[in-house]
Amino acid sequence: MSFARKTAAGLAAVGMAAGLTVAGAGAASAAVPVPHVFGNQVVVDITQPLPGQTCLGMLVPPAAGADVAGAAIAGGGDLMAIIRTLGNRGDVVALRGPGVPGIFTLPMTLPGQPGRLVAENVPSNVYALAVICLSNNGPAEPHLFPAVVGGPLDAFAGSAGGSTGVAPAPAQGGGTTGSLNGLGS
């Protein structure tokens with residue numbers, strides 16, 4: 001498990017120990033995640049966090065659906081059980097937060113500060129972009145966005161390969177499975 005996934009799983013355990021739950025319909029949303037996809041790079045800008053609130057993000061491929069459903073059922077809908085399950089999957093991409101490039105990066109934004117979460121060189125696929133914002137004195141706020149990463153044909157091929165466990169064969173006779181208009185990898 002990567003450092004980012006271990007840290008995300010650790011945060012999930014801390015959040016669970018603190019009794020954090022998913023925000024209800026009546027809870028006011030604080031942090032505002034704004035996602036952007038640029039080819040095979042995903043950027044999420046976090047604005048308006050509450051004091052002490054931090055956010056982490058993950059790109060979840062469709063193939064993880066069964067694990068997410070199993071964790072949701074086994075955990076009685078507990079968001080932290082789902083986060084721990086996703087942290088253990090090799091195909092889930094954790095977004096990185098601030099740090100010193102080449103030395104360290106945090107897997108989350110700084111508490112109470114606007115920030116940016118980034119994933120680069122993401123395999124082309126159709127993902128669910130999950131951004132979870134937590135604080136020590138409030139409920140966890142999950143945000144979910146669709147994210148088509150890479151060129152549309154590449155993303156479809158990645159999604160189809162992940163769903164079946166078999167990567168699609170490359171096109172024959174001069175055709176490509178690559179990007180459209182330079183939007184892919």
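Residues numbered from 1 in each chain as written. Predicted model: local features only at pLDDT ≥ 70, side-chain atom pairs only at ≥ 80, totals over all residues. Heavy atoms only, no water.

Caption draft 1: Examining the overall build of the protein more closely. For the protein, the count of helices and strands is 4 helices and 9 strands. Listing each helix as α and each strand as β along the protein from the N terminus yields α-β-β-β-α-α-β-β-β-β-β-β-α. Contacts spanning at least 24 positions in sequence make up 68% of the contacts within the protein whose residues lie at least 6 apart. Within the structure as shown, the protein displays about 9,300 Å² of accessible surface, and the carbon and sulfur contribution to it stands at 63%. (Helix = DSSP H or I, 4+ residues; strand = E, 2+ residues; numbered from the N terminus. Contact = heavy atoms within 4.5 Å. Areas by Shrake-Rupley, 256 points an atom, 1.4 Å probe, with all protein chains shown as cover.)

Caption draft 2: Structural detail: the environment of Leu 129. Structurally, the position occupied by Leu 129 is in strand S8 (residues 125-134). For the pair Leu 129 and Pro 61, spaced 68 residues apart in sequence, the C-alpha separation works out to 8.9 Å. Setting aside residues up to four positions removed in sequence, Leu 129 forms contacts with Pro 35, Val 42, Val 44, Met 58, Leu 59, Leu 95, His 143, Leu 144, Phe 145 and Ala 147.

Caption draft 3: Broad picture of the sheet that holds strand S7 (residues 115-119). Ordered in space as S1-S2-S7, the 3 strands form an open sheet in which the pairing is antiparallel. In this open sheet, the two edge strands, each paired with only one partner strand, are strand S1 (32-38) and S7. Across this sheet, the average inter-strand angle for adjacent strands is 15°, counted without regard to direction. Examined bridge by bridge, strand S2 (residues 41-47) and S7 share 5 bridges and lie antiparallel to one another. If you follow Ile 46 over to S7, its bridge partner there is Gly 115. (Pairing = 2+ DSSP bridges. Axes fitted to C-alpha atoms, helices over the stretch in contact; angles between N-to-C directions.)

Caption draft 4: Local environment of the pattern of salt bridges. Evaluation of the coordinates by the stated rule reveals 4 salt bridges. A salt bridge links Arg 89 to Asp 91, with the nearest nitrogen and oxygen atoms 2.7 Å apart. The residue Glu 120 makes a salt bridge to Arg 96 at a minimum N-O spacing of 3.6 Å. Linking Glu 120 in the loop between S7 and S8 with Arg 96 in the loop between strand S4 (93-94) and strand S5 (99-100), this pair joins segments that are 24 residues apart in sequence. Judged by its relative accessible area of 45%, Glu 120 falls in the partly exposed class. The class of Arg 96 is partly exposed, set by a relative accessible area of 32%. (Salt bridge = Lys/Arg side-chain N within 4 Å of Asp/Glu carboxyl O. Buried < 20%, exposed > 50% of the residue type's maximum accessible area, 1.4 Å probe, protein only.)

Caption draft 5: Local environment of the state of the cysteines. Tallying each qualifying case throughout the model produces 1 disulfide. Between Cys 55 and Cys 133 runs a disulfide, and the two sulfur atoms are separated by 2.1 Å. Its S-S torsion of about 105° marks the bond between Cys 55 and Cys 133 as right-handed, since a negative value means left-handed. Residue Cys 55 is found in strand S3 (residues 54-60), and its partner Cys 133 is found in strand S8; the two are separated by 78 residues along the sequence. Of the two residues examined, Cys 55 and Cys 133, each falls in the buried class. (Disulfide = S-S within 2.5 Å.)

Caption draft 6: Region of interest: the pairing of S1. Relative to S2, S1 runs antiparallel, the two sharing 7 bridges. Opposite Val 37, over in S2, you have Val 42 as the bridge partner. The hairpin turn running from S1 into S2, its antiparallel successor, is 2 residues long, and Gly 39 in that turn takes a positive phi close to 65°.

Caption draft 7: Geometry of the packing of helix H2 (residues 65-74) against helix H3 (residues 79-87). Contact geometry of H2 with H3 gives a least axis separation of 8 Å together with a crossing angle of 145°. Every pair of crossing elements has a handedness; the one defined by H2 and H3 is right-handed. Where H2 approaches H3, its residues Asp 67, Val 68, Ala 71 and Ala 72 are matched on the opposing element by Ala 81, Ile 82, Thr 85 and Leu 86. (Left-handed = near helix turned anticlockwise from the far one by under 90°.)

Caption draft 8: Here's a closer look at a nonpolar patch on the surface. Taken together, the side chains of Val 100, Ile 103 and Phe 104 present a nonpolar region at the surface, about 300 Å² in accessible area. With respect to the helices and strands, the residue Phe 104 is situated in strand S6 (residues 104-105). (Patch = residues over 30% accessible without salt bridge, like charges linked within 9 Å, V, L, I, M, F, W, Y side chains within 5 Å.)

Caption draft 9: Just the sheet that holds strand S9 (residues 141-149), in detail. Within the open sheet, the 4 strands sit side by side as S4-S3-S8-S9. Their pairing is antiparallel. In this open sheet, the two strands that pair with only one neighbour each are S4 and S9. When S8 meets S9, the two strands line up antiparallel, connected through 9 bridges. Note on S9: the bridge partner recorded for Val 126 is Val 148.

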